[in-house]
Amino acid sequence: MIINKEELFQKTLEALKEKPTEQNMFNKFLDLYPAEWKQLKVTFSKFNRSKQFGKTIPLPRPEVSIRKDIRVWLKKQQ
């Protein structure tokens, strides 16, 4: 989970030179906030290791999660 997503997405949007798309925002986010991205991947990895055998709790992969968040945020901006 990323804290202050809205603020980070806004700063990412401001850093873009081209028309914002989900892919552009995702790539720029990775460039601007590698620490947050790493933390998201670490959290996902820890969660997957801690699952008990036979019990599944759906948690989207970090790439899917952040792309979905960006998509939702971009729709709210229109």
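A brief look at the structure comes next. (Residues numbered from 1 in each chain as written. Predicted model: local features only at pLDDT ≥ 70, side-chain atom pairs only at ≥ 80, totals over all residues. Heavy atoms only, no water.)

Let's talk about the environment of K41
Then, number 1: Note that K41 resides in helix α3 (residues 34-50).
Then, number 2: What makes K41 partly exposed here is its relative accessible area of 39%.
Then, number 3: For the pair K41 and R61, spaced 20 residues apart in sequence, the C-alpha separation works out to 8.2 Å. (Helix = DSSP H or I, 4+ residues; strand = E, 2+ residues; numbered from the N terminus. Buried < 20%, exposed > 50% of the residue type's maximum accessible area, 1.4 Å probe, protein only.)

Focus on the nonpolar core
Then, number 1: In terms of nonpolar packing, the biggest core is built from 14 residues, with I2, F9, M25, F29, I66 and I70 touching the most fellow members.
Then, number 2: Every element with two or more residues in this core is listed here: α1 (5-15), α2 (22-32), α3 and α4 (62-77).
Then, number 3: In terms of residue count, α4 provides more of this core than any other element does, four residues in total.
Then, number 4: Setting aside residues up to four positions removed in sequence, I66 forms contacts with I2, F9, F26, F29, W37 and L40. (Core = buried A, V, L, I, M, F, W, Y, C linked by side-chain atoms within 4.5 Å. Contact = heavy atoms within 4.5 Å.)

Points about the packing of α1 against α2
Then, number 1: One way to put it is that α1 packs onto α2 with a least axis distance of 9 Å and a crossing angle of 105 degrees. For the element pair α1 / α2, the angle class is roughly perpendicular. In contact with L8, F9, K11, T12, L13 and A15 of α1, α2 contributes M25, K28, F29 and L32.
Then, number 2: A breakdown of the residues in the contact of α1 with α2 according to their chemical character gives seven nonpolar, one polar and two charged. (Axes fitted to C-alpha atoms, helices over the stretch in contact; angles between N-to-C directions. Parallel < 35°, antiparallel > 145°, perpendicular 65-115°, else oblique. Nonpolar A, V, L, I, M, F, W, Y, C, P; charged D, E, K, R; others polar.)

Notes on the packing of aromatic side chains
Then, number 1: This model, assessed by the stated rule, comprises four aromatic pairs.
Then, number 2: Between F29 and Y33, the aromatic rings sit 5.3 Å apart at their centres with planes inclined by 45 degrees, giving tilted as the arrangement.
Then, number 3: Judged by relative accessible area, which is 1%, F29 ranks as buried.
Then, number 4: We classify Y33 as buried; its relative accessible area is 13%.
Then, number 5: An aromatic cluster is built from F9, F29, Y33 and W73, whose rings are joined through pairwise contacts.
Then, number 6: Looking at R67, its charged tip hangs above the ring of F26, at a distance of 4.2 Å from the centre. (Phe/Tyr/Trp six-rings, centres within 6.5 Å; stacked < 30°, edge-to-face > 60°. Lys NZ or Arg CZ within 6 Å of the ring centre and 35° of its normal.)

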